[in-house]
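Each chain, letter by letter, is given below.
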Amino acid sequence: MHSTVRLTLITLALGLSACTVHEPYERPEPPIERLPQEPVVKPVPGGQPSTAPSKPAAIPKPMPRTSASFAPPPGGASHWDPKLGVYVLEKQPNTFYRQRTYYRFDNGWSWSLSPNGPWQETDSSGVPGGLGRAFAQ
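- Going by the annotation in an unreviewed UniProt entry, the name recorded for the protein chain is Lipoprotein, with Pseudomonas oryzicola given as the source organism.

A look at the pairing of strand S1 (residues 78-81)
- Pairing of S1 with strand S2 (residues 86-89), which is carried by four bridges, proceeds in the antiparallel orientation. Each residue of the ladder has a partner; that of Asp-81, found in S2, is Val-86.
- Here S1 folds back onto S2 in antiparallel fashion, the turn holding four residues, of which Gly-85 has a positive phi close to 75°.

Quick word on unusual backbone geometry
- Cis geometry is found at the peptide bond from Gly-117 to Pro-118, where omega equals 5°.
- Following the sequence through the fold, Pro-118 ends up in the loop between strand S5 (109-112) and strand S6 (120-122).
- Despite not being glycine, Asn-94 has its phi angle at roughly 50°, a positive value.
- With respect to the helices and strands, the residue Asn-94 is situated in the loop between S2 and strand S3 (95-98).
- Classification of Asn-94 as partly exposed rests on a relative accessible area of 36%.
- For Asn-107, which is not glycine, the phi torsion reads 55° and is therefore positive.
- Its location among the elements puts Asn-107 in the loop between strand S4 (101-105) and S5.
- Of the residues examined, Asn-107 reaches a relative accessible area of 77% and is grouped as exposed.

Things to note about the pairing of S2
- By the bridge criterion, two bridges tie S2 to S3 in an arrangement that is antiparallel. Within S3, the residue paired with Tyr-87 across the bridge is Tyr-97.
- Between S2 and S3, which pair antiparallel one after the other, the connecting turn spans five residues, and Asn-94 there sits at a positive phi close to 50°.

As for the nonpolar core
- If you look at the biggest cluster of nonpolar residues, it comprises nine residues: Leu-84, Val-86, Val-88, Phe-96, Tyr-103, Phe-105, Trp-109, Val-127 and Leu-131.
- When contributions to this core are tallied by element, the ones reaching two or more residues are S2 and S4.
- Grouped together as the second largest cluster of nonpolar side chains are six residues, Trp-80, Tyr-87, Leu-89 and Tyr-102 included.

What about the sheet that holds S4?
- Spatial ordering of the open sheet is given by S1-S2-S3-S4-S5-S6, a layout of six strands whose pairing is antiparallel. What marks the edges here is a single partner per strand, and that holds for S1 and S6. Averaged over all neighbouring strand pairs, the angle between strand axes comes to 35°, with direction disregarded.
- Here four bridges tie S3 to S4, and the two strands are oriented antiparallel to one another. From the neighbouring strand, Tyr-97 faces S4, where its bridge partner is Tyr-102.

What about the packing of aromatic side chains?
- In total, this model carries five aromatic pairs according to the counting rule given.
- Pairing Trp-80 with Tyr-87 gives two aromatic rings, centres 5.0 Å apart and planes at 65°, and the pair type is edge-to-face.
- Here the aromatic rings of Phe-105 and Trp-109 are separated by 5.0 Å at their centres, their planes lie at 65°, and the arrangement is edge-to-face.
- Relative accessible area serves as the criterion here: at 15%, Phe-105 is assigned to the buried category.
- You can call Trp-109 buried: its relative accessible area is 7%.
- Within the aromatic cluster, the residues linked to one another by ring pairs are Phe-70, Trp-80 and Tyr-87.

What counts and how
Residues numbered from 1 in each chain as written. Predicted model: local features only at pLDDT ≥ 70, side-chain atom pairs only at ≥ 80, totals over all residues. Heavy atoms only, no water. Pairing = 2+ DSSP bridges. Helix = DSSP H or I, 4+ residues; strand = E, 2+ residues; numbered from the N terminus. Buried < 20%, exposed > 50% of the residue type's maximum accessible area, 1.4 Å probe, protein only. Core = buried A, V, L, I, M, F, W, Y, C linked by side-chain atoms within 4.5 Å. Axes fitted to C-alpha atoms, helices over the stretch in contact; angles between N-to-C directions. Phe/Tyr/Trp six-rings, centres within 6.5 Å; stacked < 30°, edge-to-face > 60°.

Shown next, in the form of structure tokens:
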């Protein structure tokens, strides 16, 4: 009995000590390709310099449907607006959601724990900063 326990403890100690000796393998990152900062303008054979090539138009990124930090409202169609910092409810005009609270602007701010109310009046200090700035009067 004691020899089995002793053998188990020795095996466990050897196994764990092997983990501390070896360092984890880190895969080297590929080198970063550097592009020239400004376009190079070469003279045309006629002596006139060519115009600098135009930069390609930036492709706009699609607006995210959800936030990485805040959960979307339960059961409602909405999209995340990063400028406002809230979810915009799609079927209720000027109604927003963030962190279990709904906000509504109707000639002034109000908030509720449900999209259907009851609504409590507040001022712009009672709403997320992006909303207060966007609807500043």
